[in-house]
Amino acid sequence: MKAKVFGIGFHKTATTSLAKALTHLGYRVTGPNGVDNPNIADEVYDIAFRLVNEFDAFQDNPWPLLYKELDQHWPGSKFVLTIRPTERWINSIVDHFGKNETPMREWIYGVGYPQGNEHVYVARYERHNREVADYFKQRRGDLLTLRITEGEGWEKLCPFLGKEIPAVPFPFANSLSERRKSHKRENNYFRRTWNKIDRRARKLIAG
């Protein structure tokens with residue numbers, strides 16, 4: 001049975017890219033999980049432990065907060081800590097979530113939205129990364145720190161997992177630039193659609 005792979009980097013550290021990469025390597029991937037569950041703090045272990053029996057790899061929330069328990073219950077697992085520079089991380093978090101609240105972020109940070117609470121989010125993010133590094137400091141073969149947003153990819157991930165490097169580009173995904181391009185495409189689509197409707201309406205009014 002292949003070792004479980006747990007992505008334990010916080011959201012907005014290229015977790016989507018990691019999920020796509022693991023999927024390409026043949027893992028059954030899940031995450032994020034339980035984001036909108038109002039009882040996530042009480043139910044997270046039941047949810048997580050059930051999913052571990054159903055999938056091979058895990059990323060985004062709630063997995064970063066469970067790494068110690070996962071390590072204890074599934075010895076021999078591999079852990080991937082995705083990180084990015086703090087300033088870029090918090091900017092991405094605020095840009096993506098703003099003042100939108102979720103029970104998951106309330107559980108992780110103590111406050112459900114990042115805008116106006118940047119210092120709280122940054123402190124939690126940096127503490128998590130320090131604690132993970134400290135926990136695995138005597139077991140370097142079990143933890144990979146991966147900086148996907150800075151260009152790291154197959155060349156680090158595949159040797160860590162004992163996989164051959166695929167002959168395809170690493171799947172960088174869900175970046176701010178990509179989201180902006182997507183929004184631009186959507187806006188252009190709606191603008192073209194509206195113009196068509198407007199022209200038809202004008203013709204009908206003109207008789």
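Let me sum up the structure you'll find in this document. (Residues numbered from 1 in each chain as written. Predicted model: local features only at pLDDT ≥ 70, side-chain atom pairs only at ≥ 80, totals over all residues. Heavy atoms only, no water.)

1. Some words on the overall build of the protein
The criterion, for reference: Helical segments are the DSSP runs of H or I of at least four residues, strand segments are the runs of E of at least two, and each set is numbered from the N terminus. Think of it in three bands: residues with accessible area under 20% of the maximum for their type are buried, residues over 50% are exposed, and the middle band is partly exposed, with areas taken using a 1.4 Å probe on protein chains only. What makes two residues a contact is simply this: any of their non-hydrogen atoms within 4.5 Å. All accessible areas in this document rest on Shrake-Rupley with a 1.4 Å probe, and a residue is counted as covered only by the protein chains that are shown.
Check the secondary structure of the protein and you find 8 helices and 5 strands. In sequence order, the protein lays out its α and β elements as β-α-β-α-β-α-β-α-α-α-β-α-α. Counting all 207 residues of the protein, 43% fall into the buried class. A fraction of 71% describes how many contacts in the protein between residues 6 or more apart in sequence connect residues 24 or more apart. Entry remark: accessible area of the protein is about 11,700 Å², with carbon and sulfur atoms responsible for 50%.

2. Quick look at the sheet that holds strand β1 (residues 5–7)
To keep it simple, the criterion reads: For two strands to count as paired, DSSP must find a minimum of two bridges between them. For every element, the axis is a line fit to its C-alpha atoms; helices are fit only across the contacting stretch, and the angle between N-to-C directions ranges from 0 to 180 degrees.
Taken in spatial order, the 5 strands of this open sheet run β2-β3-β1-β4-β5, and their pairing is parallel. Of all strands in the sheet, those bounded by a partner on one side alone are β2 (29–30) and β5 (143–146). Of the pairings in the sheet, the one linking β1 to strand β4 (residues 78–82) comprises 3 bridges and is parallel in character. For Gly7, the partnering residue across the bridge sits in β4 and is Val80. Contacts between helix α7 (residues 154–161) and the sheet are confined to β1, β4 and β5, with β5 contributing the most and set at about 170° to the helix.

3. Details of helix α1 (residues 15–24)
Looking only at α1, the buried set comprises Thr15, Ser17, Leu18, Ala19, Ala21 and Leu22. Phi turns positive one or two residues past the end of α1, at Gly26, with a value near 100°.

4. Some words on the packing of helix α4 (residues 86–97) against helix α6 (residues 118–135)
In plain terms, the rule: Working definition: roughly parallel below 35 degrees, roughly antiparallel above 145 degrees, roughly perpendicular at 65 to 115 degrees, and oblique for all remaining angles. The hand of a helix crossing depends on one turn: near helix anticlockwise from the far one by less than a right angle means left-handed, and clockwise means right-handed. Here the nonpolar group is Ala, Val, Leu, Ile, Met, Phe, Trp, Tyr, Cys and Pro; Asp, Glu, Lys and Arg are the charged ones; every other residue, Gly included, is treated as polar.
With their axes 10 Å apart at the nearest point, α4 and α6 run at an angle of 130° to one another. Between α4 and α6, the angle is such that the two are oblique. Crossing handedness for the pair α4 and α6: right-handed. For the pair formed by α4 and α6, the contact residues are Thr86, Trp89, Ile90, Ile93 and Val94 on the first element and Glu118, Tyr121, Val122, Tyr125 and Glu126 on the second. In terms of residue class, the contact of α4 with α6 is made up of 7 nonpolar, 1 polar and 2 charged.

5. Overview of helix α2 (residues 40–52)
By the burial criterion, the buried members of α2 are Ile40, Val44, Ile47, Ala48, Leu51 and Val52. Contact partners of the buried residues in α2: β1, β3 (57–58), α3 (67–73) and α5 (103–109).

6. Some words on the packing of aromatic side chains
Applied cut-off: The aromatic pairing rule takes the rings of Phe, Tyr and Trp, using the six-membered ring of Trp, and pairs them if the centres are within 6.5 Å, calling planes under 30 degrees apart stacked, those over 60 edge-to-face and the rest tilted. Both a distance and an angle decide whether a charge sits over a ring: NZ of Lys or CZ of Arg must be within 6 Å of the ring centre and within 35 degrees of the ring normal.
Here the structure, examined in full by the defined rule, presents 16 aromatic pairs. Between Phe10 and Tyr125, the ring centres sit 6.2 Å apart and the planes meet at 50°, which makes this aromatic pair tilted. Placement of Phe10 in the loop between β1 and α1 and of Tyr125 in helix α6 is noted, with a sequence separation of 115 residues between them. Residue classification places Phe10 among the buried residues on the basis of a relative accessible area of 1%. Judged by relative accessible area, Tyr125 falls into the buried class, the value being 1%. With a centroid separation of 3.6 Å and an interplanar angle of 15°, the aromatic rings of Tyr109 and Tyr121 are classed as stacked. Separated by 12 residues along the polypeptide, Tyr109 in helix α5 and Tyr121 in helix α6 bring together distant segments of the chain. Tyr109 sits in the buried class, given a relative accessible area of 7%. Tyr121 gets classed as buried once you look at its relative accessible area, which sits at 0%. Taken together, the aromatic side chains of Phe6, Phe58, Trp63, Tyr67, Phe79, Tyr135 and Phe136 make up a single cluster linked through ring pairs. Lying over the aromatic face of Tyr27, Lys2 brings its terminal NZ or CZ to 4.7 Å of the ring centre. The positively charged end of Arg105 is found above the aromatic ring belonging to Phe97, 3.9 Å away from the centroid.

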